[in-house]
Amino acid sequence: MTFNDLLARLAAPIVQAPMAGSQNHRLALAVCAAGGLGSMPAAMWTAQELHQELTAVTQATQAPYNINFFCHASPDIDAAKHKQWQHALAPHYQELGLTQSPAVAGAARTPFSHDMADVLEVFRPPVVSFHFGLPAPDLLARVKACGSLVMSSATTVAEAQWLEAHGADVVIAQGLEAGGHRGMFLSTDLTTQLGTFALLPQIVRAVKVPVIAAGGIATAAGVQAAKTLGASGVQIGTSFLCSHEANTNALHRAVLQSPQSQHTALTNLFSGRPARGVVNRVMRELGPISEHAPAFPLATADIAPLRAAAEAKGLQDFTPLWSGQNTAGVREASATDIALDFVKAWRAGDPISPRIA
Ligand SMILES: Cc1cc2nc3c(=O)[nH]c(=O)nc-3n(C[C@H](O)[C@H](O)[C@H](O)COP(=O)(O)O)c2cc1C
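Summary of the structure given here.

Definitions and limits used
Residues numbered from 1 in each chain as written. Predicted model: local features only at pLDDT ≥ 70, side-chain atom pairs only at ≥ 80, totals over all residues. Heavy atoms only, no water. Helix = DSSP H or I, 4+ residues; strand = E, 2+ residues; numbered from the N terminus. Rg over C-alpha atoms; globule rule 2.2 N^0.38 Å. Buried < 20%, exposed > 50% of the residue type's maximum accessible area, 1.4 Å probe, protein only. Areas by Shrake-Rupley, 256 points an atom, 1.4 Å probe, with all protein chains shown as cover. Lys, Arg positive; Asp, Glu negative; His and termini not counted. Charge placed at Lys NZ, Arg CZ, Asp CG, Glu CD. Contact = heavy atoms within 4.5 Å. Near = heavy atom within 4 Å. Polar contact = N/O pair within 3.5 Å; in protein donor to acceptor, adjacent residues only side chain to side chain. Nonpolar A, V, L, I, M, F, W, Y, C, P; charged D, E, K, R; others polar. Pairing = 2+ DSSP bridges.

1. Some words on the overall build of the chain
From N to C terminus, the chain includes 13 helices and 11 strands. Taken over C-alpha atoms, the radius of gyration comes to 19 Å for the chain, in line with the 21 Å a tight globule of 357 residues would show. Considering only C-alpha atoms, the chain reaches an extent of 60 × 45 × 40 Å along its principal axes. In the chain, which comprises 357 residues, the share counted as buried stands at 57%. Surface summary for the chain: the accessible area is close to 14,000 Å², and the carbon and sulfur share equals 54%. Across the chain, the centroid of the 23 positively charged side chains sits 5 Å from that of the 25 negatively charged ones.

2. So, helix H8 (residues 196–206)
Of the positions making up H8, those classed as buried are Thr 196, Leu 199, Leu 200, Pro 201, Ile 203 and Val 204. On its buried face, H8 sits against strand S5 (149–154), helix H7 (157–165), strand S6 (170–174), strand S8 (211–214) and helix H9 (220–228).

3. Comments concerning unusual backbone geometry
Omega for the bond connecting Gly 287 with Pro 288 falls within 30 degrees of zero, at 15°, which places this linkage in the cis form. Of note, Pro 288 is situated in the loop between helix H11 (281–286) and helix H12 (300–312). Although it is not a glycine, Arg 124 sits at a positive phi angle of roughly 45°. Summarising the element assignment, Arg 124 is placed in the loop between helix H5 (114–123) and strand S4 (127–131). Since its relative accessible area comes to 48%, Arg 124 is described here as partly exposed. Despite not being glycine, Phe 132 has its phi angle at roughly 80°, a positive value. Structurally, Phe 132 can be placed in the loop between S4 and helix H6 (137–145).

4. Some remarks on the site of the ligand
Taken together, 23 residues form the shell around the ligand, and within it Pro 18, Asn 68, Gly 216, Gly 237 and Thr 238 come nearest. Here Ala 20 contributes a backbone N or O atom positioned 3.1 Å from an oxygen atom of the ligand. Within the side chain of Asn 68, one N or O atom sits 2.8 Å away from a nitrogen atom of the ligand. The protein chains hide 98% of the 600 Å² of surface that the ligand would expose on its own. Elements represented by at least two residues in the shell around the ligand include exactly strand S3 (65–70) and strand S9 (233–236). Its residues assigned to classes, the shell around the ligand shows 11 nonpolar, 12 polar and no charged.

5. Considerations on the sheet that holds strand S7 (residues 180–181)
Read across the open sheet, the three strands follow the order S7-S11-S10; overall the sheet is antiparallel. Only two strands of the sheet have a single partner each, and these edge strands are S7 and strand S10 (264–267). Across four bridges, the pairing between S10 and strand S11 (residues 275–278) is antiparallel. Within the sheet, the bridge partner assigned to Thr 264 lies in S11 and is Val 278.

Below, the structure written as structure tokens:
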């Protein structure tokens, strides 16, 4: 599918951001019903779960949808680093009456693989998006052979140029405001990261492929501003987190709708890679960035028992409260209604730029 084919099948290029851990096909379908591009995150799914989710979507709609994967390199387990991490978490384990397991637990998030590509070949999804770069050329070739439009996140101009050169059909300009993981893959230096409205026009100038803006877009004016700066579409995550169809838990929902959500930060405590979430106790006490956190995604396993124990007491002290910097669009409503407002906002302005029409 080309980007123009996709546009022809959408009411407007409003992309619901794939959000691993926070949603499944229900959210994607609700957004598809509004004429936006519903997305599903596969980073925490097995190939079997992927098959089930794609079955659910394709049985319910003819509309285009997006399936999203992470494509990080799986890290080697570093026993010394794991020990340091357990040492850092030990007082919290003690406080909650938990015992640390000496074993190094496996990954909570897996990169795109040939097993996943086997499933894609059954469904031939219209759009496939990636976070953390692109998969190896043989894997990407399998996706392209399905006829899927390939999108990936860039957090710098250099990443956008790299993605275009390596086969991305669409670049998602992910500004620093965005909730969840930074898609950064050419550098680990956080000072390279730009805000959405500084990054977007520079990427638009630097590449020929369409550019979708992501990060902090939460209002009609934000959608219009992205369009004015040359975006061919917008990708919106945080605004859908409290929708009826999202799986966001009650503690997270309450925080997103409270003044606490005004203070977010990038943290590596929950996974090992920087991701934006609302500041909570563990971020204040250990981070938000800790040199002791194991490589992505291995940090998750040792935080998970703390999270479960605290949540059982009604506390969000160890919960990853993923959120972008702009929670103005957060509301408890159907995702179809939320998406429809963004669709209307896109269509209310000038016609789509000739570059992408
Ligand atoms: C809870 C949450 C989970 C996310 N998970 C993913 C993911 O699995 N894959 C991905 O490509 N992006 C993910 N993102 C990032 C989004 O694609 C997007 O960049 C971001 O939501 C846009 O900024 P906003 O949240 O301010 O709208 C996630 C964002 C959030 C808030």
